[in-house]
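Spelled out, the chains give:
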Amino acid sequence: MKLQQVEDALQTIPLERKAAEAKIASLKADIEAARQRIKELETKGKGIETEMASVEVQIVKYKNQQLQVKKNEEYQALIHEIENAGKKISDLESDELEVLYELDEERKRFAESETKSKEEIVLEERAIVRLNEREEEVKDELESAREAKVAADAELDNPSRSKYTQVARGLKFPVVVELAGQSCKGCHMRVSNAILSEVKAAKEITTCDNCGRILYYAD
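Everything numeric in this text was worked out from a predicted model, so none of it was measured.

**Student:** Mind showing me how you'd approach the overall build of the protein chain here?
**Tutor:** The number of helices and strands found in the protein chain is four helices and four strands. If you list the helices and strands of the protein chain from N to C, you get α-α-α-β-β-α-β-β. Against the 2.2 N^0.38 benchmark of 17 Å for 219 residues, the protein chain shows a C-alpha radius of gyration of 39 Å, more extended than a compact globule. Each principal axis of the C-alpha distribution contributes one length, and for the protein chain these read about 125 × 40 × 25 Å. Put simply, the protein chain has 219 residues, and 26% of those count as buried. Here the analysis covers contacts within the protein chain between residues at least 6 apart in sequence; of these, 64% occur between residues at least 24 apart. A total of about 15100 Å² of accessible surface is found on the protein chain, and carbon and sulfur atoms cover 51% of it. The averaged location of the 46 negative side-chain charges in the protein chain is 3 Å from the averaged location of its 36 positive side-chain charges.

Next up, the structure:
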């Protein structure tokens, strides 16, 4: 049983560590994605500011041209261009306010989620440390568990060892369980009277007629 537990641990620990590492990677990716979203909004806001400044420069240019034109239709055309530019600035100001609001909300969400994600990352990192420590402990236990199994095997005759190996195949530990009253402590089911008599007689290896585990009777 000890050897099986050690071997199982050596198989499951790497899987648990891999799962923890994957979760850390996912949490970090979420943080980076949120940070990138903020950068995109900041860039968008700066782009709007740059465009507004460009339109304002164009308005100044149109106004200077008004002072130079002599024909009324040219003057009116410039007025029309100035009005269009003014409307564009108004639209850009509205866009800028929306971006600023969205940026403010995104920063709030990021601050909350980043704190929570970093706390989860710390927990996962601690779990990995514990798994690494446990893995080293289990590796140290492996050889002694193998030696103990060899010693236990040596105490059994060949028929008993073969019977145990046959029964143990496909079963979860423990393979050998007590028969308490008339109930198997492995599956907690009631055994037949014939099985009860065989176990009490203890003349041969007897298995539960429900789960197949080897039974022994404790006086």
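Moving on, there is more to tell.
**Student:** Where do I start with the packing of helix α1 (residues 2-66) against helix α2 (residues 72-154) in this structure?
**Tutor:** At a minimum axis distance of 5 Å, the contact between α1 and α2 shows a crossing angle of 165°. When the interaxial angle is binned, α1 and α2 end up roughly antiparallel. As for how α1 packs across α2, the hand of that crossing is left-handed. Its residues assigned to classes, the contact of α1 with α2 shows 34 nonpolar, six polar and 34 charged.

**Student:** Mind showing me how you'd approach the confidence of the model for the protein chain here?
**Tutor:** Interpretation of this model should avoid reading the predicted coordinates in detail wherever pLDDT is low. When pLDDT is averaged along the protein chain, the result is 93; 100% of the residues meet or exceed 70. The weakest mean pLDDT in the protein chain belongs to helix α3 (residues 158-168) at 85; the strongest belongs to α1 at 95.

Quick notes on the rules
- Residues numbered from 1 in each chain as written.
- Predicted model: local features only at pLDDT ≥ 70, side-chain atom pairs only at ≥ 80, totals over all residues.
- Heavy atoms only, no water.
- Helix = DSSP H or I, 4+ residues; strand = E, 2+ residues; numbered from the N terminus.
- Rg over C-alpha atoms; globule rule 2.2 N^0.38 Å.
- Buried < 20%, exposed > 50% of the residue type's maximum accessible area, 1.4 Å probe, protein only.
- Contact = heavy atoms within 4.5 Å.
- Areas by Shrake-Rupley, 256 points an atom, 1.4 Å probe, with all protein chains shown as cover.
- Lys, Arg positive; Asp, Glu negative; His and termini not counted.
- Charge placed at Lys NZ, Arg CZ, Asp CG, Glu CD.
- Axes fitted to C-alpha atoms, helices over the stretch in contact; angles between N-to-C directions.
- Parallel < 35°, antiparallel > 145°, perpendicular 65-115°, else oblique.
- Left-handed = near helix turned anticlockwise from the far one by under 90°.
- Nonpolar A, V, L, I, M, F, W, Y, C, P; charged D, E, K, R; others polar.
- pLDDT = per-residue confidence, 0-100.

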